[in-house]
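# Overview (structure and organization)
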Amino acid sequence: MCGIIGYIGRGQAAPVMLDGLKRLEYRGYDSSGMAVVGESGISVCKTEGKISRLDEKTDGGKTLVGFCGIGHTRWATHGAPSDINSHPHLSCDGRFAVVHNGIIENHAELRAMLETHGYAFKSETDSEVAAQLLQYLFDGDVKSTIRALIERIKGSYAFGIIFSGAPDRLYAVRKDNPLVIGLGNGENYIASDVAAALAHTHEFVILGDGEIAEITADETHYYSTDGKQIDKEPYTVDWDITRAEKGGYPHFMLKEIYDQPKALTDTVRPRIHEDEIDLDGITFSREYLDGLSGVDIVGCGSAYHAGIVGKQFIEKHCRIRVDCTLASEYIYKNPITGKDRLTVIISQSGETADSLAALRLAKKLGSRTLAVVNVVQSAIAREADDVLYTRAGPEIAVATTKGYTTQVAALYLIGLKFAITRGTITKKRYSALLSALSDLPDKVEEQLKETPVANAHTYAEAFSNQHCVFFIGRGADYAASLEGALKLKEISYVHAEAYAAGELKHGTISLVEKGTLTIAIATQSELYDKTESNVRSVSSRGGTVLAIASRENSKVRAFADGLLTIPDCDDDMSPVLTAVVLQLFAYYVAFKRGCDIDKPRNLAKSVTVE
Ligand code: M6R
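Residues numbered from 1 in each chain as written. Predicted model: local features only at pLDDT ≥ 70, side-chain atom pairs only at ≥ 80, totals over all residues. Heavy atoms only, no water.

What follows deals with the domain arrangement of the protein. Here the protein is partitioned into domain 1 (3–238), domain 2 (246–445) and domain 3 (449–596). With centres defined by C-alpha atoms, the gap from domain 1 to domain 2 works out at 34 Å. Roughly 720 Å² is buried in total at the junction of domain 1 and domain 2, and carbon and sulfur atoms are behind 61% of that figure. Remark: the boundary between domain 1 and domain 2 carries one salt bridge. Salt-bridge contacts for D176 lead to R360; the nearest nitrogen and oxygen are separated by 2.9 Å. Taken together, the connections running from domain 1 to domain 2 amount to one residue pair in polar contact (both at pLDDT 80 or more). Class assignment of the residues belonging to the side of domain 1 that touches domain 2 gives a composition of four nonpolar, no polar and three charged. (Domains from an automatic or database assignment. Buried area = accessible area lost by both parts, 1.4 Å probe. Salt bridge = Lys/Arg side-chain N within 4 Å of Asp/Glu carboxyl O. Polar contact = N/O pair within 3.5 Å; in protein donor to acceptor, adjacent residues only side chain to side chain. Nonpolar A, V, L, I, M, F, W, Y, C, P; charged D, E, K, R; others polar.)

Contact pair helix α9 (residues 301–318) / helix α13 (residues 402–422): the axes reach a minimum separation of 9 Å and the direction vectors enclose 20°. The angle between α9 and α13 places the two elements in the roughly parallel class. Taken as a pair, α9 and α13 cross one another with a handedness that is right-handed. Between α9 and α13, the residues in contact are S302, A303, H305, A306, G307, V309, G310, F313, I314, H317 and C318 and Y404, Q407, V408, L411, Y412, G415, L416, F418, A419 and R422, respectively. Considering only residue class, the contact of α9 with α13 consists of 13 nonpolar, seven polar and one charged. (Axes fitted to C-alpha atoms, helices over the stretch in contact; angles between N-to-C directions. Helix = DSSP H or I, 4+ residues; strand = E, 2+ residues; numbered from the N terminus. Parallel < 35°, antiparallel > 145°, perpendicular 65-115°, else oblique. Left-handed = near helix turned anticlockwise from the far one by under 90°. Contact = heavy atoms within 4.5 Å.)

Before going further, it helps to examine helix α3 (residues 107–116). Within the sequence span of α3, burial applies to H107, L110, R111, M113 and L114. Looking down the long axis of α3, one finds its buried residues gathered within 160° of arc, a one-sided arrangement. Summarising the geometry of α3, the exposed residues directed more than 90 degrees from the buried face are A108, E109 and T116. Looking at the buried side of α3, the elements it contacts are β6 (96–104), α4 (128–137) and α5 (142–152). Remark: G118 follows α3 within two positions and exhibits a positive phi of approximately 90°. (Buried < 20%, exposed > 50% of the residue type's maximum accessible area, 1.4 Å probe, protein only. Arc of directions from axis to C-beta.)

Bringing the packing of aromatic side chains into the picture now. For the structure shown, the criterion picks out 15 aromatic pairs. Seen in terms of ring centroids, F313 and Y412 are 4.7 Å apart; in terms of plane orientation they differ by 50°. Their pairing is tilted. Here the residue F313 occupies a position in helix α9, and Y412 occupies one in helix α13, the gap between them amounting to 99 residues. Take F313 and Y412: they sit in the same class, and that class is buried. A connected cluster of aromatic rings, assembled from ring pairs, spans F96, F138 and F163. Between the NZ or CZ atom of R368 and the centre of the ring of Y288, over which it lies, the distance is 4.9 Å. R601 extends its terminal NZ or CZ atom over the ring of Y493, reaching a point 3.8 Å from the ring centre. (Phe/Tyr/Trp six-rings, centres within 6.5 Å; stacked < 30°, edge-to-face > 60°. Lys NZ or Arg CZ within 6 Å of the ring centre and 35° of its normal.)

Take the site of the ligand next. As a matter of local geometry, the ligand sits amid 15 residues, with S347, Q348, S349, T352 and E490 nearest to it. Here an oxygen atom of the ligand and a side-chain polar atom of E490 are 2.4 Å apart. When the ligand sits alone it has 410 Å² of accessible area, and the protein chains cover 90% of it. Residue assignment for the shell around the ligand shows that the elements contributing at least two residues are α9 and α16 (476–492). Per-class residue counts for the shell around the ligand are five nonpolar, eight polar and two charged. Counting only domains with at least three residues in the shell around the ligand, you end up with domain 2 (246–445) and domain 3 (449–596). (Near = heavy atom within 4 Å. Areas by Shrake-Rupley, 256 points an atom, 1.4 Å probe, with all protein chains shown as cover.)

A word on the sheet that holds strand β10 (residues 188–191). Spatially, β3-β2-β4-β1-β10-β9-β11-β15 is the arrangement adopted by the eight strands of the open sheet, whose pairing is antiparallel. Looking at strand neighbours, the two that pair on one side only are β3 (41–48) and β15 (235–236), the edges of this open sheet. In this structure, strand β9 (residues 180–183) lies alongside β10, joined through four bridges in antiparallel fashion. Across the sheet, residue I181 finds its bridge partner in β10, namely I190. The strands touched by helix α1 (residues 13–24) within the sheet are β1 (3–8), β2 (31–38), β4 (68–74) and β10, with β1 carrying the most contacts at an inclination of about 155°. (Pairing = 2+ DSSP bridges.)

Now for the pattern of salt bridges. Taken as a whole, this structure holds 34 salt bridges when the rule is applied. Between D19 and R23 there is a salt bridge, and its shortest N-O distance comes to 3.1 Å. Highlighted residues: D19 and R23, both in helix α1, separated by four residues, approximately one helical turn. Judged by its relative accessible area of 27%, D19 is partly exposed.

The next thing to look at is the sheet that holds strand β18 (residues 294–299). To summarise the sheet geometry, strands pair through backbone hydrogen bonds and adopt either a parallel or an antiparallel arrangement. Read from one edge to the other, the open sheet built from five strands follows the order β19-β18-β20-β21-β22, with strand pairing classed as parallel. Only two strands of the sheet have a single partner each, and these edge strands are β19 (322–326) and β22 (386–389). Each strand axis lies, on average, 20° off the axis of its neighbour in the sheet, ignoring direction. Where strand β20 (residues 341–347) lies against strand β21 (residues 368–373), six bridges are found, and the strand directions are parallel. Within the sheet, the bridge partner assigned to S347 lies in β21 and is V373. Across the face of the sheet, helix α11 (residues 353–364) comes into contact with β18, β20 and β21 while running at roughly 165° to β20.

Bringing unusual backbone geometry into the picture now. Omega for the peptide link from H87 to P88 comes to -5°, which places this bond in the cis form. Here N334, not a glycine, exhibits a phi torsion of approximately 55°, which is positive. Within the secondary structure layout, N334 lies in the loop between α10 (327–330) and β20. For N334, a relative accessible area of 66% puts it in the exposed group. In this structure, R391 is a non-glycine residue whose phi angle is positive, near 55°.

A separate point is α13. Over its 21 residues, α13 runs 30 Å from end to end, which matches the ideal 30 Å to within 8%, given 1.5 Å per residue. Counting buried residues in α13 gives 19 out of 21 residues, a clear majority hidden from the surface. Among the residues trailing α13, G423 stands out with phi positive, at a value near 75°. (Expected span 1.5 Å × (residues − 1).)

Another aspect to go through is the environment of H202. Within the fold, H202 resides in the loop between β10 and β11 (203–206). Separated by 35 residues in the primary sequence, H202 and V237 have C-alpha atoms spaced 5.1 Å apart. If sequence neighbours within four positions are ignored, H202 has contacts with Y235, T236, V237 and W239. Of note is the side chain of H202, whose polar atom sits 2.7 Å from the backbone oxygen of V237.

Below, the discussion takes up the pairing of β11. As defined by bridge partners, β9 adjoins β11 across three bridges and the pair is classed as antiparallel. Across the sheet, residue V180 finds its bridge partner in β11, namely I206. As judged from the two bridges shared by β11 and β15, these two strands associate in the antiparallel manner. By the bridge assignment, E203 is partnered in β15 with T236.

Put into structure tokens, the structure is as follows:
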């Protein structure tokens, strides 16, 4: 989705903002722009397409001169991607420039009102309304004008604002859309995402809903909605900037696949102390768990798929009923929840609009909420009753990899904690699973050795011209197949569908013809024979089968055209290892097809609109 970076300091703003915009590219965008304010007013440069075009148009930022500015990457919602629709937007008198993330819901009404007052709009965007409204409402004081602006606007927003009458000041305000203030030495930043400013500072302040920041090179002042000055505590982001860089890999996605042993180690191991799990001090008493009528897991995309793995694991070991629901469905289904249900919201970014809305609804209805989130201090992390961070580090590629596997690992921790607290698991099985979970990073490391990676690469190349791929599996393998199909389709644009293996014969098998590729996941010993018979029915109809199985359980090879193995592991842990194989497979298919792997078309990393 859209990204914001703003700078004020003693250096030229535009080159710093260009660097910040490049670091925001991963969020997905179709145009970009910058505005700087100097003694002679505001200058703007914006363009459709890649940031490299903005770079060229401004000669690396040199042609925009000024120490204070705002920059933006736009992901089109209202109006096609074009130079004119890109941000920043200028007010008619050229005195205000605005960048905006979010959606102004009452933009049509505001636009009509402004047009009757003679305001001529240049773009089709909802965002331009904010720039024109600032001019219309201007009362001589920028802060009170911003307050008047947000009183008129309905919807979600993060705004960066500059004003020609105050070239030494940068303004920001937000509601339901992320925005942080980065604190530097003699320079300060605004950013929709810490990654944009992490090269300059690790100290950030989060603006609350409706709060206004007035920022100079040396000072930051914060104001509540009613105009009172307030204090805000900064927090430190301990992510190393190199973790948000490619580090020699051709793509962030590949780098993040290889980050997984560390990400899993950081997520799991510090929380296991001998035979005890410490969920960062979050307590779930036996009485509380026994009193639950069920658990709701809610998320979007891969986070939802992690939830399905978690649902199966928790139901199996804790004997608590778990419903896993897509956040976009949860918020409109009039959910049955309350004190007797725990709602677990899963989100890598912690800013996904549907997941945030689901969290708020669950809280409003009286449910306790637990967030499983990666980005520290993100909206979902801040608003949930409890948060268990996944500690994957920054994830830049749009396709989640380490974000997903660490979510699954966190759910294993939660499930095991619940099971031992409720007494629904034997001590022996608990210890075995705990040790399997602790070993998981090493198994992933093994999976990322040369030979398994080369095998995934070879099969991916061989099957890269497929138009449609089916993924099948049962139980935990079905959960893994959902994620495998999503990974393949989102980055390689190959149509991919996941089916519970037993469902094939209820319709889908009619699509299997000579050469159709089915990826059959068969890692669950108890279900192995059943999946094997599904594999046979595909191959006997001329379909091509690529199987995924553990080494000790790889007799499916006899009925398949190819086999990718995962290291031997406890069956309950296999979804993580299967995910790694399928990530590699998807990556190499997309590579062979020449796709833009880190920034697939039409997709954004963090979906901050409903
Ligand atoms: O940041 P979140 O975990 O809330 O994001 C949820 C989905 O948008 C995300 O998992 C998406 O499906 C990924 N592109 C999948 O790779």
